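Summary of the model geometry
Residue-level listing of the chains:
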Amino acid sequence: MEDEKEDNPPSSLSSKPSLRWGILRKAFLSGNNSSHTDSTTTSEMGEKLKLISRKTGQGFNLIKSQIINNNKITSTLEEPHLDDKSNDIYVSYTLPLDTAPTLIMSQRVENNVSLNDFEICNKYNIDNTGLVCNWPSEDVLAYFCLSHADKFRSKRIIELGAGYGLAGLVIAAATDASEVVISDGNPQVVNYIQRNINANSAAFADTKVKSMILHWNQEQVPEVLDTFDIIVAKFHEGLAKTVRALLRSSKDSEAIFLSPKRGNSLDKFLEKVNEIGMHYSITENYDNEVWQHHQKFLHGDDSWPNYEKDHSYPVLKEKNVMMRLRVHSTGL
């Protein structure tokens, strides 16, 4: 027995919970510029993390992006050349339209967290997912809005749970919307959103653009009640009442959601939608380009090794205050 234990020592990296704790540990060490390194453990952890992480660097890659430095592209997102002390990077997003501008966005270096992040999350009863990265579903949502630009012309738009705000910025820059409000419940995230609005103000023409702190589960938002023609978001159980409060009482008002099903999270959200008397429609194949990417990842494309339909492919859902809702499921 003793020999067996020596030949096959138990590994703290073997279970999924241990691996997830390893992700958090790695993020903390990176965020605190720790000099402690263990090349063997780091290498082994990197390989094993691939077994549990569904996150991917480029996602659907529908809107091309590159890290830039001093207004000069220096690398791709996978291989940033940054100062080790920097917590932020600048990313250039090239919109797939001849007449659309390039957007420059400031965002946090991936896998970089601090205790202060969690203190803020506890204080405001929120999570820090908006700081983690620009999620693939945000890329798909931005692409969908760009592909349906006419829908947003002369309309008042709000994006909920925007993260760094790519979809909202795309709407503001390329659809001739009258006003775009980009919101999130995390004040740290909203600071990034406002910086990104300021950095791209020249691209918005006559569209008014602003940031806003807005929590999904707020039942009363007096200053913006019954205000918006279109809401765009990644769906969440707590969003239903907020969406009902924000949409104008008009047959043309609607909410557009793009997110993965993620187990029963979509079902829970739809239960809330039904409770408040809103109708909806759900579409899986809502865009040929997105669908082709989905099929490629589903059948084992190496660029997204842990792709799963329910966790990685955004479905489309739409609804409005006049009893119509559309939802697009994307998975991330």
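Residues numbered from 1 in each chain as written. Predicted model: local features only at pLDDT ≥ 70, side-chain atom pairs only at ≥ 80, totals over all residues. Heavy atoms only, no water.

Scanning the protein for helices and strands turns up twelve helices and twelve strands. Sequence separation of at least 24 residues holds for 68% of the intrachain contacts in the protein that already meet a minimum separation of 6. Summed over its atoms, the accessible surface of the protein is roughly 16,800 Å², and 47% of this surface lies on carbon and sulfur atoms. (Helix = DSSP H or I, 4+ residues; strand = E, 2+ residues; numbered from the N terminus. Contact = heavy atoms within 4.5 Å. Areas by Shrake-Rupley, 256 points an atom, 1.4 Å probe, with all protein chains shown as cover.)

With respect to the secondary-structure elements, Tyr 124 resides in helix H4 (residues 115-124). The partly exposed category is assigned to Tyr 124, whose relative accessible area is 35%. For the pair formed by Tyr 124 and His 215, sequence separation is 91 residues and the distance between their alpha carbons is 9.1 Å. The contact partners of Tyr 124, leaving out residues within four places of it in the chain, are Pro 187 and His 215. (Buried < 20%, exposed > 50% of the residue type's maximum accessible area, 1.4 Å probe, protein only.)

Even without glycine at this site, Asn 61 takes up a positive phi of about 55°. Looking at where Asn 61 falls in the secondary structure, it is placed in the loop between helix H3 (39-49) and strand S1 (64-69). Unlike most non-glycine residues, Ser 154 shows phi in positive territory, near 65°.

Another aspect to go through is the side chain of Glu 179. Secondary-structure assignment places Glu 179 in strand S6 (residues 179-184). Residue Glu 179 is classed as buried on the basis of its relative accessible area, which comes to 13%. Within the structure, the side chain of Glu 179 is placed 2.6 Å from the side chain of Arg 156, a separation counted as a polar contact. Contact partners of Glu 179, with chain neighbours within four places excluded, come to Lys 155, Arg 156, Ile 157, Thr 207, Lys 208 and Lys 210. (Polar contact = N/O pair within 3.5 Å; in protein donor to acceptor, adjacent residues only side chain to side chain.)

Following the sequence through the fold, Asp 184 ends up in strand S6. Among the residues examined, Asp 184 registers a relative accessible area of 10% and is labelled buried. With near-sequence residues (within four places) excluded, Asp 184 lies in contact with Gly 161, Ala 162, Gly 163, Val 189, Val 190, Ile 193, Met 212, Ile 213 and Leu 214.

Before going further, it helps to spend a moment on the environment of Leu 239. Its location among the elements puts Leu 239 in the loop between strand S8 (230-233) and helix H9 (240-246). Note: C-alpha distance between Leu 239 and Gly 161 (78 residues apart in sequence) is 9.5 Å.

With that settled, consider the pattern of salt bridges. Think of it this way: side chains of opposite charge can pair up when their charged atoms draw near. Enumeration according to the criterion identifies eight salt bridges in this entry. Put simply, Arg 195 and Asp 88 hold a salt bridge, and the shortest N to O gap is 3.2 Å. Remark: Asp 88 occurs in strand S3 (residues 88-94) and Arg 195 occurs in helix H8 (residues 187-199); sequence separation between them is 107 residues. For Arg 195, a relative accessible area of 34% puts it in the partly exposed group. Between Arg 156 and Glu 179 there is a salt bridge, with the nearest N and O atoms lying 2.6 Å from each other. (Salt bridge = Lys/Arg side-chain N within 4 Å of Asp/Glu carboxyl O.)

Moving on: the pairing of S8. Residues Ile 230 and Val 232 line one face of S8 and the alternating positions Ile 231 and Ala 233 line the opposite face, and both faces are buried. Note that strand S5 (residues 156-160) and S8 share four bridges and pair parallel. Its bridge partner lying in S8, Ile 158 is registered against Ile 231. In this sheet, strand S9 (residues 254-259) lies alongside S8 in parallel orientation, the contact comprising four bridges. Paired with Ile 231 across the two strands is Ala 255, which belongs to S9. (Pairing = 2+ DSSP bridges.)

To continue, consider the packing of aromatic side chains. Following the criterion strictly, the structure yields twelve aromatic pairs and no others. Arranged with centres 5.3 Å apart and planes meeting at 40°, the rings of Phe 297 and Tyr 307 form a pair that is tilted. Of this pair, Phe 297 sits in helix H11 (residues 288-298) while Tyr 307 sits in the loop between H11 and helix H12 (309-312), and the two are ten residues apart along the sequence. The exposure classification of Phe 297 matches that of Tyr 307, with both residues buried. Three or more aromatic residues joined by ring pairs make a cluster, and in this case those are Phe 60, Phe 144, Tyr 286, Trp 291, Phe 297, Trp 304, Tyr 307 and Tyr 313. (Phe/Tyr/Trp six-rings, centres within 6.5 Å; stacked < 30°, edge-to-face > 60°.)

Purely geometric stuff here, so don't read any function into it on its own.
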